[in-house]
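Letter by letter, the chains look like this.
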Amino acid sequence: MSKYLTASEAVKVVKSGDRVYFQAAAAAPTILANALTERASELRNVEICHLHTEGEARYANPALAESFHVNSFFLGANVRHTLKAGNGSYTPVFLSELPHLFRKNVLPLDVAFIHVSPPDRHGYCSLGVSVEATVAAIENATIVIAQVNPQMPRTFGDGIIHVSEIDYLVDVDVPIYGHEPELFTAEEEKIGGYIATLIDDRSTLQMGIGSIPNAALSKLKTHKDLGLHTEMFSDGVIDLIESGVINCDYKGTLRGRVLATFLIGSKRLYDFVSDNPFIELKESSMVNDTARIRKNTNMVAINSAIEVDLTGQVCADSIGPQMYSGVGGQMDFIRGASLSAGGKAIIALPSTTKKGVSRIVPFLKQGAGVVTTRAHIHYVITENGIADLYGKTLRQRASELIRIAHPNHQEAIEREYYDLFHKM
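Fair warning: this is a prediction, and the values are worked out from it, not measured in the lab.

A. A look at the overall build of the protein. Along its length, the protein carries 14 helices and 25 strands. When the backbone C-alpha atoms are referred to their principal axes, the protein occupies close to 70 × 50 × 35 Å. Taken across its 424 residues, the protein has 59% of its residues classed as buried. Contacts in the protein between residues far apart in sequence, at least 24 positions, make up 70% of those at least 6 positions apart. On the protein, roughly 17200 Å² of surface is accessible, and the fraction owed to carbon and sulfur atoms is 51%. In the protein, which carries 40 positive and 47 negative side-chain charges, the distance between the mean positions of the two groups comes to 5 Å.

Have a look at this one:
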């Protein structure tokens, strides 16, 4: 039988009770996912697991709860509702450890849905814009089904797989999910400026997608000899690479190359990384490995948060008890940067939400999860300045964080915190 099938034919291999892994982020195999959803009436108790995925997630419809259960390792907007609706779960795991859950058979896989470039003349495909835990999923799954898409960029690194490793192939021709660069506000520009003051020449950077990373990158045009070792990146790095600011000449891990595990951006980004040997996408167990991150001298990890309390506890994955995203790789890079010679671990966030609620708080909301502990935190940055918490007592930390809170909230935060502090 030919390996090439239609999507509806290929997904017939999925049986009731199976666990299926979907490739993540911009490489989400949506055509296969939708074909599987069409079989809902035939299936029961199929577990679909994945990190954040772009695009629609029809299988996450609560009306299909008897057929599909979503197990998220990092929640996106398309499946966030499943936890409350009861047709979804969240599994906390560091991104560095997710591949091990498959390799150690903690979560054995029956089927993996992946999204690849067409085979080259030697029979090799590329996982393109998202490697993360997909290599481990391919190794562990009994059956591997691939969307084969000429619009998927061919990237170097761990995502090169031979067509012999794929059981069934489905030809598609669809754009890769993307995001145009986000404009940043005046407050975010200030945050970016503060971040830039902490970045020395010859530093290696980790930062993600969004307006704050873009604002910080925009302030680095006169820097020299920067490196990039990051969980993911977006369009903001392209100009710095093309101008030579990011050349990776002084990295300790994979010197001379950009290192990431997935990426999301515009078509410009996807064209830039395609067949570009300067960019390598490796499995998250390698990219997010603290021992490898710390080998980069002057490693600067820039991450965000939902709220930070006055002792330095960072909640980055939930709003109170309501899960919003996931643990991801924040702790991998916070710890790796902290252990790096000259490294700096940064949490950057606006001082208030869009509704004006303070994100610097006396105490985390009841039920909130701590992603980065108070012992790990070094710098917290808002538009009001930089709080240096490393080596500081609880009282000193509180003073530093109150100083960078929004002026409208500083007095109330201080009063609430110290009222309770003096009762302890």
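B. Summary view of the packing of aromatic side chains. Under the counting rule described, the total for this entry stands at six aromatic pairs. Aromatic pair F22 and Y59: ring centres 5.3 Å apart, planes at 90 degrees, arrangement edge-to-face. Highlighted residues: F22 in strand β1 (residues 19–22) and Y59 in the loop between β2 (46–50) and β3 (68–72), separated in sequence by 37 residues. As far as the burial class goes, F22 and Y59 line up, both buried. Taking the centre distance of 5.2 Å and the plane angle of 10 degrees together, the rings of F22 and F113 count as stacked. One end of the pair, F22, is in strand β1; the other, F113, is in strand β5 (residues 111–116), and 91 residues separate them in sequence. We note that F22, like F113, is buried. Here a set of aromatic residues connected by ring pairs shows up, and it is made of Y21, F73 and F102.

C. Just the sheet that holds β2, in detail. With parallel pairing, the seven strands of this open sheet are ordered in space as β4-β3-β2-β1-β5-β7-β10. A single partner strand is all that each edge strand has here, and the edge strands are β4 (88–90) and β10 (168–171). Neighbour-to-neighbour, the strand axes of the sheet open up by a mean angle of 20 degrees, direction not taken into account. In the sheet, strand β7 (residues 143–148) pairs with β10 via four bridges, with the strands oriented parallel. Counterpart to Q147 in the pairing with β10 is V170. Across the sheet, helix α2 (residues 30–37) touches β1, β2, β3, β5, β7 and β10, and the angle it forms with β7 is around 120 degrees.

D. Region of the structure containing the sheet that holds strand β23 (residues 360–361). The mixed open sheet is built from three strands, whose spatial order is β19-β18-β23. If you trace the sheet from one side to the other, it starts and ends with β19 (314–315) and β23, each paired once. Across two bridges, the pairing between strand β18 (residues 307–309) and β19 is antiparallel. When the sheet's bridge partners are listed, E307 is paired in β19 with C315.

E. Broad picture of the pattern of salt bridges. In total, this model carries 19 salt bridges according to the counting rule given. The partner of E66 in a salt bridge is R44, with the nearest N and O atoms 3.6 Å apart. Within this pair, whereas E66 is found in the loop between β2 and β3, its partner R44 is found in the loop between α2 and β2, the two being separated by 22 residues in sequence. You can call E66 exposed: its relative accessible area is 56%. K267 is the partner of D271 in a salt bridge, and the nearest nitrogen-oxygen pair spans 2.9 Å. Remark: K267 and D271 occur in helix α9 (residues 267–273); sequence separation between them is four residues, near one turn of the helix.

F. Layout of the nonpolar core. Membership of the largest hydrophobic core comes to 77 residues, with the highest contact counts inside it found for Y21, L98, F102 and F233. Beyond its immediate stretch of four places on either side in the chain, F102 contacts Y21, F73, L107, L109, A133, A136, A137 and N140. A7, L36, Y59 and F113 belong to the second largest nonpolar core, which has 32 residues in total.

G. Layout of unusual backbone geometry. At A25, a position not held by glycine, the phi torsion is positive, near 55 degrees. Locating A25 in the fold gives a position in the loop between β1 and α2. You will see that D225, though not glycine, has its phi angle at about 60 degrees, which is positive. With respect to the helices, strands and loops of the structure, D225 is situated in the loop between α7 (211–218) and β12 (227–228).

H. A look at the side chain of R359. Within the secondary structure, R359 sits in the loop between β22 (344–348) and β23. No salt bridge is formed by the buried R359; its nearest oppositely charged neighbour, E188, is found at 7.3 Å. In terms of polar contacts, R359 uses its side chain to reach the backbone carbonyl oxygen of A305, at 2.4 Å. Not counting chain neighbours up to four residues away, the residues in contact with R359 comprise S304, A305, I306, E307, V308, L349, P350, S351, T352 and T353.

I. A look at the environment of Y418. Residue placement: Y418 occurs in helix α14 (residues 407–421). In this structure the C-alpha to C-alpha distance between Y418 and A398, which are 20 residues apart in sequence, comes to 9.1 Å.

J. Quick look at the layout of surface pockets. Here the second largest pocket defines a volume of roughly 320 Å³. Around the second largest pocket, the lining comprises 13 residues; the ones closest to its centre are N214, S218, D235, G236 and D239. Secondary structure elements with two or more residues in the lining of the second largest pocket: α7 and α8 (238–242). With three residues, the single largest contributor to the lining of the second largest pocket is α7. The class makeup of the residues in the lining of the second largest pocket is five nonpolar, three polar and five charged.

The rules we used
- Residues numbered from 1 in each chain as written.
- Predicted model: local features only at pLDDT ≥ 70, side-chain atom pairs only at ≥ 80, totals over all residues.
- Heavy atoms only, no water.
- Helix = DSSP H or I, 4+ residues; strand = E, 2+ residues; numbered from the N terminus.
- Buried < 20%, exposed > 50% of the residue type's maximum accessible area, 1.4 Å probe, protein only.
- Contact = heavy atoms within 4.5 Å.
- Areas by Shrake-Rupley, 256 points an atom, 1.4 Å probe, with all protein chains shown as cover.
- Lys, Arg positive; Asp, Glu negative; His and termini not counted.
- Charge placed at Lys NZ, Arg CZ, Asp CG, Glu CD.
- Phe/Tyr/Trp six-rings, centres within 6.5 Å; stacked < 30°, edge-to-face > 60°.
- Pairing = 2+ DSSP bridges.
- Axes fitted to C-alpha atoms, helices over the stretch in contact; angles between N-to-C directions.
- Salt bridge = Lys/Arg side-chain N within 4 Å of Asp/Glu carboxyl O.
- Core = buried A, V, L, I, M, F, W, Y, C linked by side-chain atoms within 4.5 Å.
- Polar contact = N/O pair within 3.5 Å; in protein donor to acceptor, adjacent residues only side chain to side chain.
- 1 Å grid on protein atoms, 1.4 Å probe; cavity = no way out; pocket = protein on both sides within 12 Å on 5 of 7 lines; lining within 4 Å.
- Points joined across faces, edges and corners; volume = space filled by probe spheres on them.
- Nonpolar A, V, L, I, M, F, W, Y, C, P; charged D, E, K, R; others polar.

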